[in-house]
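Next come the chains, spelled out residue by residue.
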Amino acid sequence: QVQLVQSGDEVTKAGASVKVSCKTSGYTFSNYGVTWVRQAPGQGLEWMGWISVFNGDTTYAQKFRDRVIMTSDTYTSTAYVELRSLRSDDTAVYYCARVSDTNGYYRPLIEDAFDIWGQGTRVTVSS
Amino acid sequence: QSVLTQPPSASGSPGQSVTISCSGSSSDIGGYDSVSWYQHHPGAAPRLVIYGVNKRPSGVPTRFSGSKSGNTASLTVSGLQADDEADYYCTSYAGNNDYVFGTGTKVTVL
């Protein structure tokens, strides 16, 4: 079955960087994109951006545009998000999810929605 | 990017219905038929319950339904059950490969 399995929880310091992975299985990796969403303690879900695995194009939410890098590795079917210059308010649970990708030729039944999610990775930033 | 506006809370007794609104603009909800809704239980991953405004993924009960009028989308949960108690978020495609989330609504089953 389709699965997205994320890397383990991270504890890091303000000013550092963190990189979270999302290993996928059960589907053709390049037929979909991967999006990243986070939830800070007591807050709602926040969209960070997404990557087209088909051609590597990225779209980042304006808030993260100068600090985030999303990548993908088609050999291991794994997506990554790296967030730099961490602040205490970056403390959150980070989720990856599968999303349709109009850059490629595949048209899934579910479009423009995040249909399968990873289990989440808790990132704690200490000052 | 702006955020879609949802009521902070909604509630209903078992068996009743609850409807959650999601207010946006002509740049997101009003401009595309790409509204989706997610159920989020604390400590678990979010779950897609509605996509394309009113479509249900396989396995989602027919008790969940969605609609849209102008710049506002709605999710209705009928026949409320205890397990429906969760946070619910709307999302819309907003053009230029952007997406935007709603503020979230906590649904309580009384």
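The structure this text deals with has already been given above.
Cut-off values and rules
- Residues numbered from 1 in each chain as written.
- Chains lettered and ligands numbered in written order.
- Predicted model: local features only at pLDDT ≥ 70, side-chain atom pairs only at ≥ 80, totals over all residues.
- Heavy atoms only, no water.
- Contact = heavy atoms within 4.5 Å.
- Buried area = accessible area lost by both parts, 1.4 Å probe.
- Polar contact = N/O pair within 3.5 Å; in protein donor to acceptor, adjacent residues only side chain to side chain.
- Helix = DSSP H or I, 4+ residues; strand = E, 2+ residues; numbered from the N terminus.
- Nonpolar A, V, L, I, M, F, W, Y, C, P; charged D, E, K, R; others polar.
- Disulfide = S-S within 2.5 Å.
- Core = buried A, V, L, I, M, F, W, Y, C linked by side-chain atoms within 4.5 Å.
- Buried < 20%, exposed > 50% of the residue type's maximum accessible area, 1.4 Å probe, protein only.
- Pairing = 2+ DSSP bridges.
- Axes fitted to C-alpha atoms, helices over the stretch in contact; angles between N-to-C directions.
- Salt bridge = Lys/Arg side-chain N within 4 Å of Asp/Glu carboxyl O.

Undergrad: Even after reading the chapter, I still don't get the interface of chain A and chain B, so can you show me in this structure?
TA: Quoted interface sizes are often the accessible area lost when the parts come together. Listed as interface residues are 24 residues of chain A and, on the opposing side, 20 residues of chain B. For the pair chain A and chain B, the two sides together bury roughly 1,900 Å², of which 60% comes from carbon and sulfur. Considering only the side of chain A, the residues that lose the most area to chain B are L45, W47 and D112 of chain A, jointly responsible for 32% of the buried surface there. Inspection of the region where chain A meets chain B yields seven residue pairs in polar contact (both at pLDDT 80 or more). The element that contributes the greatest number of residues to the side of chain A that touches chain B is strand β5 (residues 45-52) of chain A, accounting for four residues. Here the residues of the side of chain A that touches chain B are counted per class, giving 13 nonpolar, six polar and five charged.

Undergrad: How should I be thinking about the state of the cysteines in this particular structure?
TA: Residues and elements named next belong to chain A. The full count for this structure, using the stated rule, is two disulfides over all chains. Two residues, C22 and C96, share a disulfide whose sulfurs are 2.1 Å apart. Between C22 and C96, the S-S dihedral sits near 75°, and the bridge is therefore right-handed. Taken together, the residues C22 in strand β3 (residues 18-25) and C96 in strand β9 (residues 92-100) connect sequence positions 74 residues apart.

Undergrad: What am I meant to see in the nonpolar core here?
TA: Within soluble globular proteins, side chains that are nonpolar tend to cluster in buried spots. In terms of nonpolar packing, the biggest core is built from 46 residues, with W36 and F114 of chain A together with F101 of chain B touching the most fellow members. If one sorts the elements of this core by residue count, β9 of chain A sits on top with seven residues.

Undergrad: What is the right way to look at the sheet that holds β3 of chain A in this model?
TA: Within a sheet, each strand pairs with its neighbour through backbone hydrogen bonds, oriented either parallel or antiparallel. Residues and elements named next belong to chain A. One open sheet accounts for four strands, arranged β1-β3-β8-β7; its pairing is antiparallel. Across the chains shown, the open sheet's two edge strands, defined by having one partner strand only, are β1 (3-6) and β7 (68-73). The average angle at which neighbouring strand axes cross in this sheet is 20°, direction not considered. Where β7 lies against strand β8 (residues 78-83), six bridges are found, and the strand directions are antiparallel. The partner of D73 across the bridge, within β8, is T78.

Undergrad: Can you walk me through the pairing of strand β5 (residues 64-69) of chain B in this structure?
TA: Here is the key point about a regular strand: its side chains alternate between the two faces of the sheet. Residues and elements named next belong to chain B. Sheet topology note: the β5/strand β6 (residues 72-77) ladder contains six bridges and is antiparallel. Paired with S69 across the strands is T72, a residue of β6. The turn linking β5 back onto β6 is made up of two residues, and G70 within it adopts a positive phi angle of 60°.

Undergrad: Honestly, the pattern of salt bridges in this entry has me stumped. Any pointers?
TA: Side-chain pairs of opposite charge can arise whenever the charged atoms involved come near each other. Residues and elements named next belong to chain A. If you walk through the whole model with that rule in mind, you get eight salt bridges over all chains. Between D90 and R67 there is a salt bridge; the shortest N-O distance is 2.7 Å. Of this pair, D90 sits in the loop between β8 and β9 while R67 sits in the loop between β6 (58-60) and β7, and the two are 23 residues apart along the sequence. For the pair shown, D90 and R67 are each scored as buried. Each member of the salt-bridge network shares a partner with another, and the members are R38, E46, K63, R67 and D90.

Undergrad: Before we go on, may I ask you to explain unusual backbone geometry in this structure?
TA: Comment: phi is negative for the bulk of residues other than glycine, and the bulk of peptide bonds are trans. Residues and elements named next belong to chain A. One non-glycine residue, S77, lies in positive phi territory at about 55°. When you line up the elements, S77 lands in the loop between β7 and β8. Unusually for a residue other than glycine, D112 sits at a positive phi of about 55°. If you trace the backbone, D112 turns up in the loop between β9 and β10 (114-117).

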